[in-house]
Amino acid sequence: MKFKLIILLLLLPVISFAQERGVGIRLGEPLSITYKDFLTEYISIEGMIGSAGINGASYYQKDFESNLPESNAFYISHSAKKGISFNVRSAYHEDITDVFGITEGYLMAYGGAGVQLRTTNVTYSYADGQNSSMIKNDSRTNVDFGPEAFIGAEYYFDEVPISVFGEAGFFLELIDRIGHIKGQGGIGVRYLF
């Protein structure tokens, strides 16, 4: 398997410089491996899989208090670990190379929307109301799902099959906590083939 992957990576520059498809890494929220392809000259689709960040402490405390493991449970604390994040999205692109007077490569601005699924592993510590000296634990997987919207820009180099990008947006939860909004953003690089 490793050998096939190395051969593929070595042959990609020879196969095509179409710069329509790209695979790379996105650093930020969420941290992801990204695959992007163009359906038309202006419309792209993208899939990302990675690791999403953790929400604030009050988010998980409220979740505990609305879903008590026992009727007389009293929240003490929690610990949270990053889970997975999966995004599917589409964007509209516009060439803005001339706006900035760029003479080599080209710059595309884009905006779009998609859906996102995220998980977080949370372990709660709580006291039993009848026996407050006894600490208990409850482990859960918090699952969030909803739409996302984003804007960004991507620069495509002329001589090498690489692009770099930066973007910002937000995620709106529809499953788990309806209406919770989380800001997102990231920078990244893609190898184009």
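About the criteria used
- Residues numbered from 1 in each chain as written.
- Predicted model: local features only at pLDDT ≥ 70, side-chain atom pairs only at ≥ 80, totals over all residues.
- Heavy atoms only, no water.
- Helix = DSSP H or I, 4+ residues; strand = E, 2+ residues; numbered from the N terminus.
- Rg over C-alpha atoms; globule rule 2.2 N^0.38 Å.
- Buried < 20%, exposed > 50% of the residue type's maximum accessible area, 1.4 Å probe, protein only.
- Contact = heavy atoms within 4.5 Å.
- Lys, Arg positive; Asp, Glu negative; His and termini not counted.
- Charge placed at Lys NZ, Arg CZ, Asp CG, Glu CD.
- pLDDT = per-residue confidence, 0-100.
- Pairing = 2+ DSSP bridges.
- Axes fitted to C-alpha atoms, helices over the stretch in contact; angles between N-to-C directions.
- Core = buried A, V, L, I, M, F, W, Y, C linked by side-chain atoms within 4.5 Å.

## Describing the overall build of the protein chain
- Looking only at helices and strands, the protein chain has two helices and eight strands in total.
- A globule of 193 residues ought to have a C-alpha radius of gyration of about 16 Å, yet the protein chain, at 21 Å, is considerably larger.
- On the principal axes, the C-alpha backbone points of the protein chain span a range of 70 × 40 × 25 Å.
- Looking at the protein chain as a whole, 37% of its 193 residues qualify as buried.
- Residue pairs at least 24 apart in sequence account for 65% of intrachain contacts in the protein chain once pairs closer than 6 positions are excluded.
- Across the protein chain, the mean location of the 15 positive side-chain charges is 9 Å away from that of the 22 negative side-chain charges.

## Describing the confidence of the model for the protein chain
- With 90% of its residues at a pLDDT of at least 70, the protein chain reaches an overall mean of 90.
- In this model residues 5-19 is a low-confidence stretch, pLDDT under 50, and it forms 15 contacts with partners more than four residues away in sequence or in other chains.

## Overview of the pairing of strand β3 (residues 43-51)
- When strand β2 (residues 31-38) meets β3, the two strands line up antiparallel, connected through eight bridges. What sits directly across from Phe38, in β3, is Ser44.
- Pairing analysis gives eight bridges linking β3 to strand β4 (residues 73-95), with the strands arranged antiparallel. When the sheet's bridge partners are listed, Ile43 is paired in β4 with Tyr92.

## Observations concerning the sheet that holds strand β8 (residues 181-192)
- Taken in spatial order, the eight strands line up as β1-β2-β3-β4-β5-β6-β7-β8 and close into a barrel, and their pairing is antiparallel. Recorded for the sheet is a direction-independent mean angle of 25° between the axes of neighbouring strands.
- Pairing geometry for strand β6 (residues 131-156) and strand β7 (residues 162-172), over nine bridges, is antiparallel. Considered in β7, the bridge of Ala149 is made with Phe170.

## Some thoughts on the pairing of β6
- In the sheet, strand β5 (residues 106-128) pairs with β6 via 23 bridges, with the strands oriented antiparallel. Bridged to Met108 within β6 is Glu154.
- The turn joining β5 and β6, which pair antiparallel and follow one another in sequence, is formed by two residues.
- Between β6 and the antiparallel strand that follows it, β7, lie five residues.

## Considering the nonpolar core
- Membership of the largest hydrophobic core is limited to eight residues, which are Tyr59, Tyr60, Phe64, Ala73, Tyr75, Val122, Tyr124 and Tyr126.
- Leave out the neighbours within four places in its chain, and Tyr60 touches Ile54, Asn55, His78, Ala80, Thr120, Val122, Tyr124 and Asn142.

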